[in-house]
Amino acid sequence: MPALNWDTFTLLPGSAERNFELLCRGIVRHNYGSYGVLRALKNQPGVEFHLKLERRSDALGDPGRWWGWQCKWYDLPANGALGATRRKRIEEGIRKTEQHVPGITDWVLWTRQTLTKADQDWFEGLSSTMRLHLWTADEIDNLLVGQASVFRSTYFGDLILTPDFLRERHEYSVAPIRARWQPEVHHVVDAEHSLRRMLGESDSWDELRALGLDLRSQADAAQAAPAVPSIIASSVSDVVETARLFADALERVAEAVRDGDIDLLRDELSAQPRALTAEVATAPRRLRSGNHLVGLYVTNAVAGCREALHLLSKVEEAFSSRVVALVAPAGCGKTHLAAQLTAPTDSRPAGMLLHGRDLHATHT
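As the structure is a prediction and not an experimental result, all values here were calculated from the model. (Residues numbered from 1 in each chain as written. Predicted model: local features only at pLDDT ≥ 70, side-chain atom pairs only at ≥ 80, totals over all residues. Heavy atoms only, no water.)

In a regular helix each residue adds 1.5 Å, so 17 residues correspond to 24 Å; helix 3 (residues 84-100) covers 24 Å between its end C-alpha atoms and thus fits that length. Of all the residues in helix 3, the buried ones are Ile90, Gly93, Ile94 and Thr97. The buried residues of helix 3 occupy one face: seen down the axis, they fall within an arc of 95°. Turned more than 90 degrees away from the buried face of helix 3 sit Ala84, Lys88, Arg89 and Gln99, all of them exposed. Taken together, the buried residues of helix 3 touch strand 3 (66-72), strand 4 (106-111), helix 4 (117-124) and strand 5 (131-135). (Helix = DSSP H or I, 4+ residues; strand = E, 2+ residues; numbered from the N terminus. Expected span 1.5 Å × (residues − 1). Buried < 20%, exposed > 50% of the residue type's maximum accessible area, 1.4 Å probe, protein only. Arc of directions from axis to C-beta. Contact = heavy atoms within 4.5 Å.)

So, in structure tokens, the structure goes:
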């Protein structure tokens, strides 16, 4: 097996720190994701992602063990030490994990380079309720097997697709229809809007942020409205809290869509409720029956929460689509739509456009 080319890795689009975290998370998901529940919530204190085992893994142990990983690129010179600042942040990560994700049994510091003996001795001497582990590029090399072996090519080898390469290939693919395809006068129809949602284009999900802002506004108005009798005051508080929780969730989902972070998106969607509580659902009726002014804002907030549930389910449905067939008679614009969908935008690189007439029975 050829050695990993880290020089190639550093030339990838985006920051090396972010790419290193995505590579490590992908390796864990492909090798160990079937043994438990992998979580990668945004801004998780202490660890970037964690896995709670539900089945025995020869490598990670018995059910109940809970592993968390903090991935650090650390572009250190040969035999370079961590230094006081990095040591302090590592220890802060351990303490934050103990506080915010109680129950984790195994905490992994995953670095590209092997730490110096002094740094290893320091790390192993740290006190914690968790077992502490050091992983390096050796673990990456050893775990790039099976389904995870594709990462050898996509991060280090022949399958690296840069925005410039994709743009060039798209120009080549649209050349035969350039005289007929005029993107300047292109009009977006419902079918294209749905396809762009399935493809995860951030602009097609603008209503996530818009609804989140509206929910915050309604929650603030409900909280600022004149007080109501204590017997129903808890209903107002429940609605305000629920509206703000949905607003936060919509913001995080919108961020995951914008960043193309499918793991994070999957985790955010799985953590959302599927229905409103009875207390929240019946609050508008009880407040309106007493002619309380706050009932108007609560009604709007509850309606927004219902819309949020519907919109989040639409996100989940759209991103669950693996293959989509667009069917229409000849001359209806299928090729033009394909060219438009695969054209590069400000928020993403070009896609791959293959013409059916170029695919023959003898091809693989």
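All right, on to the nonpolar core then. Side chains that are nonpolar tend, in soluble globular proteins, to be buried together. One finds Leu208, Leu215, Phe246, Leu250, Val253, Val294 and Val298 to be the most contacted residues of the largest nonpolar core, which totals 38 residues. Mapped by element, the contributors of at least two residues to this core are helix 9 (206-224), helix 10 (230-259), helix 11 (262-270), helix 12 (278-289) and helix 13 (294-319). Here this core gets 12 residues from one element, more than from any other, and that element is helix 10. Excluding residues that lie within four positions of it along the chain, valine 253 makes contacts with Leu208, Leu265, Glu268, Leu269, Leu312 and Val315. Core analysis: the next-biggest nonpolar cluster, separate from the first, contains 32 residues, Phe9, Leu23, Cys71 and Trp110 among them. (Core = buried A, V, L, I, M, F, W, Y, C linked by side-chain atoms within 4.5 Å.)

Mapped onto the secondary structure, alanine 275 falls in the loop between helix 11 and helix 12. Looking at alanine 275, the relative accessible area reads 54%, which means it is exposed. For the pair formed by alanine 275 and glutamate 184, sequence separation is 91 residues and the distance between their alpha carbons is 43 Å.

So, about the packing of helix 9 against helix 13. Between helix 9 and helix 13, the least distance of the axes is 9 Å, while the angle of their chain directions is 155°. Between helix 9 and helix 13, the angle falls in the class roughly antiparallel. Pair helix 9 / helix 13 crosses with left-handed handedness. Across the interface between the two elements, Glu207, Leu208, Leu211, Leu215, Gln218, Ala221 and Ala222 from helix 9 touch Val294, Tyr297, Val298, Asn300, Ala301, Gly304, Cys305, Glu307, Ala308, Leu311 and Val315 from helix 13. (Axes fitted to C-alpha atoms, helices over the stretch in contact; angles between N-to-C directions. Parallel < 35°, antiparallel > 145°, perpendicular 65-115°, else oblique. Left-handed = near helix turned anticlockwise from the far one by under 90°.)

Nothing here speaks to function; it is geometry throughout.
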